[in-house]
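Below are the chains, spelled out letter by letter.
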Amino acid sequence: MLKIVLILAGDNTYHYRGAFSKSISYAPLTLTTLAALVPGTIDADIQLIDEGVQPAGYDKLHADIVGISCVTSSSVRARQIAGYWRSRGAHTVIGGVHVTLNPLEMEGVADTLICGPAEETWPRFLQDFIEGRPGNFYSSRSVPAETIPVPARQLLPRKSYLSVPTVIADRGCLNSCAFCSINRLWDCRESARVVPDVIEEIIALKSRRILFLDPNLTADREYALELFEALIPLRIEWAGLSSIDVTRDKSMFSLMVKSGCRGILVGFESMDQVALDQYQKSSNNVTFYREAVDMFHRHEIPVLGTFMLGFENDTVESIEKMVSMIDDSGIDFPRFSVMTPFPGTDPYDWYQGDGRVLTRDWSLYDTEHVVFTPARMTPIQLQTSLVRTWKMIYSPSRILKRLTMLKRYHLLAFMVNIGFHRYVSTLRKRISWGSSHFQKMTGA
Ligand code: SF4
């Protein structure tokens, strides 16, 4: 029997007993999808390790093949894992966002590199391995709908995540925000699953609540309309990600509400229109933020809004001003990160060209550490602003104020606020203030 261990590599924040409490952790679909892609013709024993919620415990495992998935911030950890398993004689395979965007850098880290979606390449590699001729590089761009399997959810420790099951309908997005890598990972025009397959999977889950992990459920209008229409008879409640412009499309918004939308995550990114335009966030118009949030609230849909600090126009003062604008916006759960120029995206090339990239230690590319010199602040000012902004927004008085303004979903709001409050309480400790990176930031 072929022993396969599949690992989702951790990072500074995403690790066992790390920054994310269960109340804000959802079950990822990467490992369970890879497990489901193992052909039924192969007699395999598959173990999944999500380093975000499980202790590694690799010394107790045996493997013929170890598959590792990583993003930029976990690529350093992925190297360590690959090195460990190679030394034990396992055949190592590495893939994921960072590998897809930076194949040359990752060359030689594992026995086999897989770039792009794994639906076609991972089973092909496994067959080649069985036949004794595994390749060292596999690549693809497209995700043919018929190749996407139902994830093998039973292989992950369910109790470690929110109890709401996760589903993905379309892993692409037709927008092209400069800081986002989605369009470079696969062909986003052909990344959607067939709607009846998605519906069948949801019915089989037998859950009244679903969390969609699609990067943007409403980017492809025709697909979204078909999906929402098909969800209505299921009478489920769901939460997911959407761009804010859905509120300006009355017919799509109405169908979204009818389909059971009960929570939405929106990338507001900035309160400065110039910043949004510079980074091609074409779906956002700050003039309509308040109106959009009100519209969600009228339909009892709480809004989790994400913001990035460190756009070219940002200053210490403008970020402080943003905090009161967020208070006024009515956003239920604001969330912050620092602008992070991921290698393989435009901002990395821009900042690198200007000599503003401070480090290539990818473990610091976790959206909590400042890794470039902003245009109108020092790196330390930006770093301090991130911590201060989180603290201000999740201060007990602001949490209380947001909770008292609610008409519904008090328990959910309380849990999420507490989850973020806990996250904030450990943020300062996670940032390596004394490291050589910070000495470089201060010019010491
Ligand atoms: S809307 Fe979201 S998913 Fe789409 S390109 Fe922009 S950041 Fe990426």
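Up top is the structure these notes are about.
All of these numbers come straight from a predicted model, not from anything done at the bench.

Conventions used here
Residues numbered from 1 in each chain as written. Predicted model: local features only at pLDDT ≥ 70, side-chain atom pairs only at ≥ 80, totals over all residues. Heavy atoms only, no water. Patch = residues over 30% accessible without salt bridge, like charges linked within 9 Å, V, L, I, M, F, W, Y side chains within 5 Å. Areas by Shrake-Rupley, 256 points an atom, 1.4 Å probe, with all protein chains shown as cover. Salt bridge = Lys/Arg side-chain N within 4 Å of Asp/Glu carboxyl O. Helix = DSSP H or I, 4+ residues; strand = E, 2+ residues; numbered from the N terminus. Buried < 20%, exposed > 50% of the residue type's maximum accessible area, 1.4 Å probe, protein only. Phe/Tyr/Trp six-rings, centres within 6.5 Å; stacked < 30°, edge-to-face > 60°. Lys NZ or Arg CZ within 6 Å of the ring centre and 35° of its normal. Pairing = 2+ DSSP bridges. Axes fitted to C-alpha atoms, helices over the stretch in contact; angles between N-to-C directions. Contact = heavy atoms within 4.5 Å.

Novice: Got a sec to walk through a nonpolar patch on the surface? Specific residues and values, please.
Specialist: On the surface, a nonpolar cluster with roughly 400 Å² of combined accessible area is contributed by Leu411, Phe414, Met415 and Ile418. With respect to the helices and strands, Met415 occurs in helix H16 (residues 410–430). Using a relative accessible area of 42% as the deciding quantity, one classes Met415 as partly exposed.

Novice: Let's hear about the packing of aromatic side chains: which residues, and what values?
Specialist: Here the structure, examined in full by the defined rule, presents 24 aromatic pairs. Ring geometry for Phe336 against Trp390: centres 5.4 Å apart, planes inclined by 85°, an arrangement best described as edge-to-face. Remark: Trp390 occurs in helix H14 (residues 379–393) and Phe336 occurs in strand S12 (residues 333–338); sequence separation between them is 54 residues. With relative accessibility at 4%, the residue Phe336 sits in the buried group. An aromatic cluster is present here, built from Phe268, Tyr289, Phe307, Phe336, Trp390, Tyr394, Phe420 and Tyr423 joined pairwise through their rings. One Lys or Arg, Arg248, reaches over the ring of Phe288 and ends 3.4 Å from the middle of that ring. Between the NZ or CZ atom of Arg402 and the centre of the ring of Tyr394, over which it lies, the distance is 4.8 Å.

Novice: Can you lay out the sheet that holds strand S5 (residues 112–115) for me, pointing to particular residues and giving the numbers?
Specialist: Strand order in the open sheet formed by six strands is S2-S1-S3-S4-S5-S6, with parallel pairing between adjacent strands. One side of each edge strand has no neighbouring strand; the edge strands of this open sheet are strand S2 (44–50) and strand S6 (137–139). Pairwise comparison of adjacent strand axes, ignoring direction, gives a mean angle of 15° for this sheet. Two elements, strand S4 (residues 91–95) and S5, share three bridges in a ladder whose sense is parallel. Paired with Val93 across the bridge in S5 is Thr112. Here helix H5 (residues 121–130) sits on the sheet and contacts strand S1 (2–8), strand S3 (65–69), S4, S5 and S6; the angle it forms with S6, its principal contact strand, is near 150°.

Novice: Can you tell me about the sheet that holds S12, naming the residues and giving the values?
Specialist: An order of S7-S8-S9-S10-S11-S12 is seen for the six strands of this open sheet, with the pairing classed as parallel. Bordering the open sheet on either side are strand S7 (166–167) and S12, each of which pairs with just one other strand. Sheet topology places S7 next to strand S8 (residues 209–212); two bridges connect them, and they run parallel. Considered in S8, the bridge of Thr166 is made with Leu211.

Interpretation note: all reported values are geometric properties and have no functional meaning in isolation.
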